Amino acid sequence: MMQVSEVFEKASGKLPMIPKVVQELVNSFNRADVVNNEEISKTVGHDQVLTARVLRLANTARFGGSRRVGSLDDALIILGFDTLRVLVIASGITGTTANIPNFDLKSFWKGCFEIANTTKVLARLSHQNPQLAFTCGLLARIGELVLHLAAPGVTPEIERKVGDSPNRIDVERALLGVDSAQVGAELAWRWSFPEEIVTAIGQQYPLDGKEGKPELATLIGLAKQIVRDFNQRLDAETVFAHLPPPVLTQLGLTMAQLQDAADELAEASTQVDDLF
């Protein structure tokens, strides 16, 4: 059995490192003065690999639509600062995890983007910051990757035992003594991300809607359940019937809102562009 500190000791030297501009942009959710349009274009432009990833993501159907984004300046004009910020964050984080042995990165990040896209829709419906929620959703499973780096021999057994069960952290705790939510929150803290992101990752379980639980944490948990159910090919009525009423109450969501957004939520949960 391991402690969180032991996980990071075992993963030392293999942990993903994020570009400084990504760290600055994540922190800019709470500080409008951290970066401006000219700075983001100039700073990202110095990193050719990051620029290429940002532009590839900017030209996917979900972000770019029918308008071709040929440069960072184009992205600012066409997509706006908020969207470009999210693209840089997503590109910077996913770009840190190349070449991890025996780990299906394409499947992993596809699942992360499904959660992120769904969290963003739910945030808009519940009148919260969609870009911040997207970032939290994208990072919701990052602890799984760290656990694989620390205990590559154990994580395949976790996958076999978990399957489509929502009780992943129970299996992780039983086999390792720690869970991916704890580890993901610790990584976000080590990256110097805002406390609200750290807390959202760490408190995403259980999905209960209890008073005092951070709404971003609840959004992540709700998005995960919706993604899981839509990927099991359940119809929207069944998916929404499974949602705990206290969770909807906490977020101020109504069944009518969810039903009106059913197609959008189903698409966000299952349709992710080929990003890699």
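Attention here is on the structure that accompanies the text. None of the values given here were measured: they were computed from a predicted structure. (Residues numbered from 1 in each chain as written. Predicted model: local features only at pLDDT ≥ 70, side-chain atom pairs only at ≥ 80, totals over all residues. Heavy atoms only, no water.)

1. A look at the overall build of the protein chain
Point 1. On a plain count of helices and strands, the protein chain comes out with 18 helices and zero strands.
Point 2. For the protein chain, the C-alpha radius of gyration of 18 Å lies close to 19 Å, the compact-globule estimate for 276 residues.
Point 3. With the C-alpha coordinates of the protein chain rotated into their principal frame, the extents come out at 50 × 50 × 35 Å.
Point 4. Scored against the burial criterion, the 276 residues of the protein chain give a buried share of 52%.
Point 5. Once local pairs closer than 6 in sequence are excluded, the contacts in the protein chain between residues at least 24 apart make up 67%.
Point 6. For the protein chain, the distance from the average site of its 26 positive side-chain charges to the average site of its 34 negative ones is 5 Å. (Helix = DSSP H or I, 4+ residues; strand = E, 2+ residues; numbered from the N terminus. Rg over C-alpha atoms; globule rule 2.2 N^0.38 Å. Buried < 20%, exposed > 50% of the residue type's maximum accessible area, 1.4 Å probe, protein only. Contact = heavy atoms within 4.5 Å. Lys, Arg positive; Asp, Glu negative; His and termini not counted. Charge placed at Lys NZ, Arg CZ, Asp CG, Glu CD.)

2. Quick word on helix 8 (residues 130-139)
Point 1. Burial within helix 8 is extensive, with nine of its ten residues counted as buried.
Point 2. Turning to helix 8, its buried residues number three or more, namely Gln131, Leu132, Ala133, Phe134, Thr135, Cys136, Gly137, Leu138 and Leu139.
Point 3. If you check the start of helix 8, you find a side-chain oxygen 3.0 Å away from the backbone N of Gln131, and it comes from Asn129. (Polar contact = N/O pair within 3.5 Å; in protein donor to acceptor, adjacent residues only side chain to side chain.)

3. As for the packing of helix 10 (residues 155-162) against helix 11 (residues 168-176)
Point 1. The interhelical angle for the contact between helix 10 and helix 11, taken along N-to-C directions, is 140°, at an axis separation of 10 Å. Taken together, the axis directions place helix 10 and helix 11 in an arrangement best described as oblique. Regarding helix 10 and helix 11, the two cross each other, and that crossing is right-handed. Between helix 10 and helix 11, the contacting residues are Glu157, Ile158, Glu159, Lys161 and Val162 on the first element and Arg168, Val171, Glu172, Leu175 and Leu176 on the second.
Point 2. The residue makeup of the contact of helix 10 with helix 11, split by class, is five nonpolar, no polar and five charged. (Axes fitted to C-alpha atoms, helices over the stretch in contact; angles between N-to-C directions. Parallel < 35°, antiparallel > 145°, perpendicular 65-115°, else oblique. Left-handed = near helix turned anticlockwise from the far one by under 90°. Nonpolar A, V, L, I, M, F, W, Y, C, P; charged D, E, K, R; others polar.)

4. Quick word on the packing of helix 14 (residues 215-231) against helix 18 (residues 262-270)
Point 1. Put simply, helix 14 and helix 18 touch, their axes get as near as 9 Å, and they point 85° apart. Accordingly, the angle class assigned to the pair helix 14 and helix 18 is roughly perpendicular. On helix 18, the residues touching Ile226, Val227, Phe230 and Asn231 of helix 14 are Ala262, Leu265, Ala266, Ser269 and Thr270.
Point 2. For the contact of helix 14 with helix 18, the residue count by class is six nonpolar, three polar and no charged.

5. Side note on the state of the cysteines
Point 1. As enumerated under the stated definition, the model contains zero disulfides in all.
Point 2. Not engaged in a disulfide, the cysteine Cys112 finds its nearest cysteine sulfur in Cys136; these two sulfurs lie 13 Å apart. (Disulfide = S-S within 2.5 Å.)

6. Brief notes about unusual backbone geometry
Point 1. Geometrically, the link from Tyr205 to Pro206 is a cis peptide bond, its omega value of -10° lying close to zero.
Point 2. For Asn102, which is not glycine, the phi dihedral falls at a positive 60°.
Point 3. Looking at where Asn102 falls in the secondary structure, it is placed in the loop between helix 6 (81-94) and helix 7 (105-125).
Point 4. For Asn102, a relative accessible area of 77% corresponds to the exposed category.
Point 5. One non-glycine residue, Ser192, adopts positive backbone phi at about 65°.
Point 6. Topologically, Ser192 is positioned in the loop between helix 12 (180-190) and helix 13 (195-202).

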